[in-house]
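# Descriptive structure summary
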Amino acid sequence: MTSILVTNDDGIAAPGLHVLARLARDAGYDVTIAAPAQQSSGSSASIMAEDADGRIAVERRTIEGLDDVPAFAVRGGPGLIALIAARGAFGDPAKVVLSGVNHGANVGRAILHSGTVGAALTGGLNGAWGIAVSLDVGMRPEAFHWESAAAPAIDLLPDLMIRPRGTVINVNAPNAPTNRGLREATLAPFGIVQTTLTEEGEHHIRLAVEDLPNRPEPGTDAAYLAEGWITVTGLDPVSHVELGLPAPD
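Below: a short report on this structure. The structure displayed is predicted, hence computed values, not measured ones.

What follows is about the packing of helix α2 (residues 78–86) against helix α3 (residues 115–125). Where α2 contacts α3, the two axes come as close as 7 Å, and the packing angle between them is 20°. Taken together, α2 and α3 sit at an angle that is classed as roughly parallel. By crossing handedness, the relation of α2 to α3 is classed as right-handed. Taking contact as the criterion, the partners of Pro78, Gly79, Ala82 and Leu83 in α2 are, on α3, Gly115, Gly118, Ala119, Thr122 and Gly123.

Structure below.
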């Protein structure tokens with residue numbers, strides 16, 4: 001039975017996490033939940049934690065409807081959780097890190113900042129397969145269709161696991177009961193929201209998140225998602241770029 005670590009950056013109480021874990025369990029996978037005790041959105045792949053004397057607090061939890069699934073609340077972000085899971089913190093290292101379902105889309109190069117994506121990438125760096133899963137809820141959702149994102153992610157697992165260990169994919173789904181299907185997509189130059197500075201004082205600043213005013217670039221994950229597709233993008237966790245510097249004499 002394939003072991004899966006289910007995590008997120010919205011915290012262990014988040015409904016998207018529970019739906020993803022339930023569908024993974026019901027599909028026959030061996031599921032363990034380990035998620036931040038508190039909201040950790042925007043934490044990227046940070047391994048910072050709230051610790052005491054160098055110890056990271058981990059608390060066993062029971063989640064309604066998932067009583068048979070081991071669950072842990074961690075005083076740290078999802079990148080840290082994926083890292084310590086790979087070191088055996090929650091039992092034998094999982095073969096898959098399944099991160100989500102995130103409250104909001106994670107598209108474009110702005111995924112650099114996403115804790116949801118950071119956990120999947122950290123899993124990939126440590127030899128697991130990784131999937132980041134997000135639901136495009138928009139700014140003022142009237143309903144949440146978590147299964148519209150979770151179910152396709154679970155369906156993608158067999159295809160993912162025939163690829164090399166360390167392969168990571170990013171999945172985004174429209175917040176709707178139906179969609180147009182799966183579409184592989186490149187990363188947009190930006191995401192679908194932007195962070196703006198709304199207040200600046202001598203000792204403080206205030207940020208806000210708002211929709212980008214421009215239309216997304218055609219053929220990218222942001223564009224296909226806006227058109228009603230579930231987008232799938234392969235991610236390279238860490239790579240180098242050849243600079244062409246002259247060799248030393």
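Having seen it, we continue.
All told, the structure shown has five salt bridges when counted by the stated rule. Its salt-bridge partner being arginine 25, residue aspartate 68 comes within 3.0 Å of it at the nearest N-O pair. Of the two residues, aspartate 68 sits in the loop between β5 (58–61) and β6 (71–74) while arginine 25 sits in helix α1 (residues 15–26), which places them 43 residues apart along the sequence. The exposed category is assigned to aspartate 68, whose relative accessible area is 55%. Residue classification places arginine 25 among the partly exposed positions, given a relative accessible area of 23%.

On the surface, Val241, Leu243 and Leu245 cluster together into a nonpolar patch covering about 380 Å² of accessible area. Mapped onto the fold, leucine 245 is located in the segment after β13 (230–235). Residue leucine 245 is classed as exposed on the basis of its relative accessible area, which comes to 67%.

Tracing the backbone shows threonine 7 in strand β1 (residues 3–7). The exposure class assigned to threonine 7 is buried, which follows from its relative accessible area of 0%. A distance of 2.7 Å separates a polar side-chain atom of threonine 7 from the backbone oxygen of alanine 34. For threonine 7, the residues in contact, after removing those within four places along its chain, are Leu17, Ala34, Ala35, Pro36, Pro78, Ile81, Val97, Leu98, Ser99, Gly100 and Ala119.

This part covers the packing of α1 against helix α4 (residues 146–160). The geometry of α1 relative to α4 is characterised by a closest axis approach of 9 Å and an angle of 40° between their N-to-C directions. As α1 packs across α4, the resulting crossing turns out to be right-handed. On the side of α1, the interface is formed by Pro15, Gly16, Val19, Leu20, Arg22, Leu23 and Ala24, while α4 contributes Trp146, Glu147, Ala150, Ala151 and Ile154. In terms of residue class, the contact of α1 with α4 is made up of nine nonpolar, one polar and two charged.

Our focus in this paragraph is the packing of aromatic side chains. Two numbers describe a pair of aromatic rings. These are the distance of the centres and the angle of the planes. Tallying each qualifying case throughout the model produces two aromatic pairs. Taking the centre distance of 5.1 Å and the plane angle of 40° together, the rings of phenylalanine 72 and phenylalanine 90 count as tilted. With phenylalanine 72 in strand β6 and phenylalanine 90 in the loop between α2 and β7 (96–103), the pair connects residues that are 18 residues apart, well separated along the chain. With respect to burial, phenylalanine 72 and phenylalanine 90 carry one shared label: buried. Relative to tryptophan 146, the ring of phenylalanine 144 has its centre 5.3 Å away and its plane inclined at 5°; by these criteria the two rings are stacked. Note on phenylalanine 144: relative accessible area 37%, which makes it partly exposed. On the basis of relative accessible area, tryptophan 146 is assigned to the buried category, the value being 11%. The ring of tryptophan 129 has arginine 165 lying over it, and the distance from NZ or CZ to the ring centre is 4.7 Å. Its end group placed over the ring of tryptophan 229, arginine 183 keeps NZ or CZ at 5.0 Å from the ring centre.

What counts and what doesn't
Per chain, residues are indexed from 1 in the order of the written sequence. The model is predicted, so local features are restricted to residues of pLDDT at least 70 and side-chain atom pairs to those at 80 or more, both for listing and for counting; the totals for chains, interfaces and linings are taken over all residues. Derived side-chain values reflect all non-hydrogen atoms in the structure, with water molecules and hydrogen atoms excluded from consideration. Here an angle of 0 to 180 degrees is reported between the N-to-C directions of two axes, which are lines fitted to C-alpha atoms, with helices fitted over the stretch in contact. Numbering of helices and strands runs from the N terminus, with a helix taken as a DSSP run of H or I at least four residues long and a strand as a DSSP run of E at least two residues long. Here roughly perpendicular refers to angles of 65 to 115 degrees, roughly parallel to angles under 35, roughly antiparallel to angles over 145, and oblique to all remaining angles. Less than a right angle of anticlockwise turn of the near helix away from the far helix marks a crossing as left-handed, whereas a clockwise turn marks it as right-handed. Any two residues whose heavy atoms approach within 4.5 Å are treated as being in contact. For salt bridges, the criterion is a side-chain nitrogen of Lys or Arg within 4 Å of an Asp or Glu carboxyl oxygen. Residue exposure (1.4 Å probe, protein chains only): buried if accessible area is under 20% of the type maximum, exposed if over 50%, otherwise partly exposed. Any residue with relative accessible area above 30% and no salt bridge may belong to a patch, with like charges joined within 9 Å and the nonpolar Val, Leu, Ile, Met, Phe, Trp and Tyr side chains within 5 Å. The method behind every accessible area is Shrake-Rupley, applied with a 1.4 Å probe, and residues are considered shielded solely by the protein chains displayed. Whenever two N or O atoms come within 3.5 Å, that pair is a polar contact, provided that in protein one can donate a hydrogen and the other can accept it, and provided that, for residues adjacent in sequence, both atoms are side-chain atoms. Side-chain classes are defined by residue name, with Ala, Val, Leu, Ile, Met, Phe, Trp, Tyr, Cys and Pro counting as nonpolar, Asp, Glu, Lys and Arg as charged, and the others, Gly among them, as polar. Aromatic pairing here means that ring centres of Phe, Tyr or Trp (its six-membered ring) are within 6.5 Å. Orientation follows from the plane angle: under 30 degrees is stacked, over 60 is edge-to-face, and everything else is tilted. Should the NZ of a Lys or the CZ of an Arg lie within 6 Å of a ring centre and within 35 degrees of the ring normal, that charge is described as sitting over the ring.

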